[in-house]
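Now for the letters of each chain:
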Amino acid sequence: MPRDSERPRHTGRLLRLGALLAGIAVALSFPSMAPSPYELTVGIAILNFAVLSTSWNFVGGFTGYISLGHGAFAGLGAYATGLLVTKGELPSFVALFVSAALVAVLAIPVGYAALRVRGASFVIVSIALVLIMLLVFQSWASFTGGSRGLVVPRPFPGKLRSEHHEIFYFLFLGLLALALLAWWIIDRSRFGMGLKAIREDEDKAQSLGTPTYTYKLVVFVVSAAFTALAGGLYGLWFGDLDPVFQFSILSGAYMVLMALLGGVRHLYGPLLGAVVVGYGLEYSKLEYGDTPLHLVFAGLLLGVVVMFMPDGVIPAVTGLVARVLGTGETSIREVTAAELRDERDEREADVRPDHRPDGKRPDGKREVRQ
Amino acid sequence: MSADEGEQSLATVGLTKTFGGVAALDGATVSFRHGRVNALIGPNGSGKTTFFNCVTGMIRPDAGRTTYRGRDITARPPHRIARAGIGRSFQLCRVFPRMTVLDNLLVAVRPPNLLAQLAGARKREETERARYWLTRMGIDHLERAEARNLSWGQQKLLELAGVLMSEPELILLDEPAGGVNPALIDRICDLVRELNAEGRTFLIVEHNMDLVMSLSDHVVVFDRGRPIAEGPPSVIQSDERVLEAYLGV
């Protein structure tokens, strides 16, 4: 039985587990509940957004480095997969993993250069990456197909369209689970702690012995590899690649928006953001066609998030719940001179320092009194 | 501590750093001995914090050399200098605001190699060691609080605990008493004395002269980016150059 002081945490853990199991059940049963293949494609698009945004969050969430150029890694993953299948004649899913490995290798020199700068400079360098890739893939038409695009053969040619969608739905779901698992493992590791320290105060982290540059580079490469996997899987699913869409700053901006909306510090933040933004984009396109109205909605949403929920929806909601249940932090009171004297006496009397002579523990929930 | 008392700890030769033509450090040559509580004093703008930043690798000096226990550390990055055994606090107290008090200390754990850092899991003994330092600072009851919610004084103690968690032999404290209430100043002084008695060397930048004179064994006075006097507190207090530079008399 949990002790009284641990009961709220125990309840919270059970609630989280329940929500996770419910989420998994909904996700697994969605293809059988979807009324038509169109809804299934919406589900796939949302899952693709979720993987991309979670992949972005390896860098953005852990280190606080905002990359607007992650679309380049998705595009490279898609094109590398497509080219390895069409020109290298590799099996589709071998090509997918080889392309992710190639993008990871390419991310090393990119990260080596880009991660030397911080803040706005890093954002600009990341934008430059996606623009360079756009120019290269548009101009090198003999190899990439240029503006004519690149047709990627379907990996399951004998399947019906709806079956094809269903298989890819589960593939994207599996990739999302893998990305979330990797994020969760890093979050709980010593490496993750170092990354979060970089986000909080990079100079301070260095002064405590964290090799910040190496940490950033490693997580940048991990992030690029997952982004490339998402891009490659999209390429195999969609089957038609165009540089304008694959190397778009907008795709990187959506990754940032989704992660910010849900909460970059939270495992499920980008996933929640992807559900909201992905559904919103599909709805907007369905209702208003090819007008740029969906961009207006996305911009408004970003403004609302930054102004009213800078930490995202999940932290805002959990903070509200903690306030309502009264489980938030209350204890920051400093000790008084008298208590200091007591503590000194205790130490001299070789008594454990966290116990006062009167037998009471220093109470952490007292008012500020200096 | 492995170094012998009296052995040279930190030393600089001709350390120079200019910012837009202004020499913050102007060929500073100075050395500090192991096992002492050293103090670095001087008027505002005399180069004390720049000195800290240069010797800890935060700023690359334009010229000069820094050695720690005989090894050249001039061009090393900050994390390698920290791992060589030099810990530091900052003038404006810096903690990881959105991390818990306990995690603020666990960041400073030093695994044996990069692989252990990247792939190693947190260990129970590391947490126990972090709790030991929190208890010693008197902030163990706050271990689950986010550091940003702590008062200024508590953040000062947390910062010091984080530095100690990285197991430094030499600790550089930049204005440890700045903005802290008198009771906490006493506690910080006690801690410095205790830690010094356990073998740690201190180099303290501080404007609180009562603290400096009562706590330190050796005082170096900076003016215009270079040392102008050094010696025991009793000598420094009556040095005319110091009185002129620091007190304007």
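Above this text is the structure in question.
All of these numbers come straight from a predicted model, not from anything done at the bench.

Parameters at a glance
Residues numbered from 1 in each chain as written. Chains lettered and ligands numbered in written order. Predicted model: local features only at pLDDT ≥ 70, side-chain atom pairs only at ≥ 80, totals over all residues. Heavy atoms only, no water. Helix = DSSP H or I, 4+ residues; strand = E, 2+ residues; numbered from the N terminus. Buried < 20%, exposed > 50% of the residue type's maximum accessible area, 1.4 Å probe, protein only. Contact = heavy atoms within 4.5 Å. 1 Å grid on protein atoms, 1.4 Å probe; cavity = no way out; pocket = protein on both sides within 12 Å on 5 of 7 lines; lining within 4 Å. Points joined across faces, edges and corners; volume = space filled by probe spheres on them. Pairing = 2+ DSSP bridges. Axes fitted to C-alpha atoms, helices over the stretch in contact; angles between N-to-C directions. Phe/Tyr/Trp six-rings, centres within 6.5 Å; stacked < 30°, edge-to-face > 60°. Lys NZ or Arg CZ within 6 Å of the ring centre and 35° of its normal. Expected span 1.5 Å × (residues − 1). Arc of directions from axis to C-beta. Parallel < 35°, antiparallel > 145°, perpendicular 65-115°, else oblique. Left-handed = near helix turned anticlockwise from the far one by under 90°. Nonpolar A, V, L, I, M, F, W, Y, C, P; charged D, E, K, R; others polar. Right-handed = clockwise from strand over helix to strand, strands pointing away.

Visitor: How would you summarise the overall build of chain A if you had to cite specific residues and measurements?
Guide: Looking only at helices and strands, chain A has 16 helices and two strands in total. Across the 370 residues in chain A, those meeting the buried criterion constitute 47%. In chain A, 76% of the contacts between residues at least 6 apart in sequence involve partners at least 24 apart.

Visitor: Mind laying out the layout of surface pockets, listing which residues take part and the relevant values?
Guide: Residue and element names in this part refer to chain A. Considering only enclosed or pocket space, the second largest pocket measures out at about 1,000 Å³ in volume. Lining of the second largest pocket is provided by 33 residues; of these, F49, Y234, F245, Q246 and K285 occupy positions nearest its centre. At the level of elements, helix 2 (37-63), helix 10 (212-238), strand 2 (240-241), helix 11 (243-246), helix 12 (249-262), helix 13 (269-288) and helix 14 (293-308) are the ones that each hand at least two residues to the lining of the second largest pocket. With seven residues, helix 2 is the largest single contributor of residues to the lining of the second largest pocket.

Visitor: Outline the sheet that holds strand 3 (residues 37-41) of chain B, listing residues and values.
Guide: Residues and elements named next belong to chain B. Strand order in the open sheet made by the six strands is 6-7-8-3-9-10, with mixed pairing throughout. Each edge of the sheet is formed by a strand with only one pairing partner; in this case those strands are strand 6 (86-88) and strand 10 (226-231). When the angles between neighbouring strand axes are averaged without regard to direction, this sheet yields 20 degrees. Here helix 6 (residues 152-165) sits on the sheet in contact with strand 6 and strand 7 (170-174), set at roughly 160 degrees to strand 7.

Visitor: I'd like a description of the packing of aromatic side chains, backed by residues and values.
Guide: Per the stated rule, a full pass over the model turns up 23 aromatic pairs over all chains. For the pair Y234 of chain A and W237 of chain A, a centre-to-centre distance of 5.9 Å together with 70 degrees between the ring planes defines the contact as edge-to-face. Taken together, the positions of Y234 of chain A and W237 of chain A, both in helix 10 and three residues apart, correspond to about one turn of that helix. Taking the relative accessible area as the measure of exposure, W237 of chain A reaches 8% and is therefore buried. A ring pair is formed by F32 of chain B and F51 of chain B, whose centres lie 6.3 Å apart and whose planes are at 65 degrees; its orientation type is edge-to-face. With F32 of chain B in strand 2 (residues 22-33) and F51 of chain B in helix 1 (residues 48-55), the pair connects residues that are 19 residues apart, well separated along the chain. As far as burial versus exposure is concerned, F32 of chain B and F51 of chain B are alike and both buried. An aromatic cluster of at least three residues, connected via ring pairs, comprises F172, Y234, W237 and F238 of chain A. Against the face of Y112 of chain A rests R116 of chain A, its NZ or CZ located 4.5 Å from the ring centre. Seen from the ring of F90 of chain B, R94 of chain B lies directly overhead, with NZ or CZ sitting 4.4 Å from the centre.

Visitor: Mind laying out helix 14 of chain A, listing which residues take part and the relevant values?
Guide: Residues and elements named next belong to chain A. If you check helix 14, its first and last C-alpha atoms are 22 Å apart, about what 16 residues at 1.5 Å a residue would give, namely 22 Å. When helix 14 is considered as a whole, its buried residues turn out to be H294, A298 and V305. Down the axis of helix 14, the sector holding all buried residues measures 40 degrees, keeping them to one side. What points out from helix 14, more than 90 degrees from its buried face, is the exposed set L300, M307 and F308. Against the buried residues of helix 14 lie helix 12 and helix 13.

Visitor: How would you summarise the packing of helix 3 (residues 70-86) of chain A against helix 4 (residues 92-114) of chain A if you had to cite specific residues and measurements?
Guide: All names here are of chain A. Running from amino to carboxyl end, helix 3 crosses helix 4 at an angle of 135 degrees, the nearest separation of the two axes being 8 Å. Relative to helix 4, the element helix 3 lies oblique. Crossing of helix 3 against helix 4: the hand is right-handed. Contact with helix 3, carried on its side by F73, L76, G77, A80, T81, L84 and V85, involves S92, A95, L96, V98, S99, L102, V103, L106, A107 and V110 of helix 4 and no other residues of that element. Residue classes in the contact of helix 3 with helix 4 are distributed as 13 nonpolar, four polar and no charged.

Visitor: Outline the packing of helix 2 of chain A against helix 8 (residues 190-200) of chain A, listing residues and values.
Guide: All names here are of chain A. Between helix 2 and helix 8, the least distance of the axes is 6 Å, while the angle of their chain directions is 60 degrees. The angle between helix 2 and helix 8 falls in the class oblique. Where helix 2 abuts helix 8, its residues G61, F62 and T63 lie against L195, K196, I198 and R199. Considering only residue class, the contact of helix 2 with helix 8 consists of three nonpolar, two polar and two charged.

Visitor: For the pairing of strand 8 (residues 201-205) of chain B, give the residues involved together with the corresponding values.
Guide: Residue and element names in this part refer to chain B. Taken across its five residues, strand 8 has five buried, putting it largely inside the fold. Residues T201, L203 and V205 line one face of strand 8 and the alternating positions F202 and I204 line the opposite face, and both faces are buried. For strand 3 and strand 8, the ladder comprises four bridges, and the chain directions are parallel. Note that in strand 8 the partner of V37 across the bridge is F202. Of the strand pairs in this sheet, strand 7 and strand 8 are connected by five bridges, and their pairing is parallel. Note that in strand 8 the partner of D174 across the bridge is V205. In this view, the connection linking strand 7 to its parallel neighbour strand 8 by way of helix 7 (residues 182-197) has right-handed handedness.

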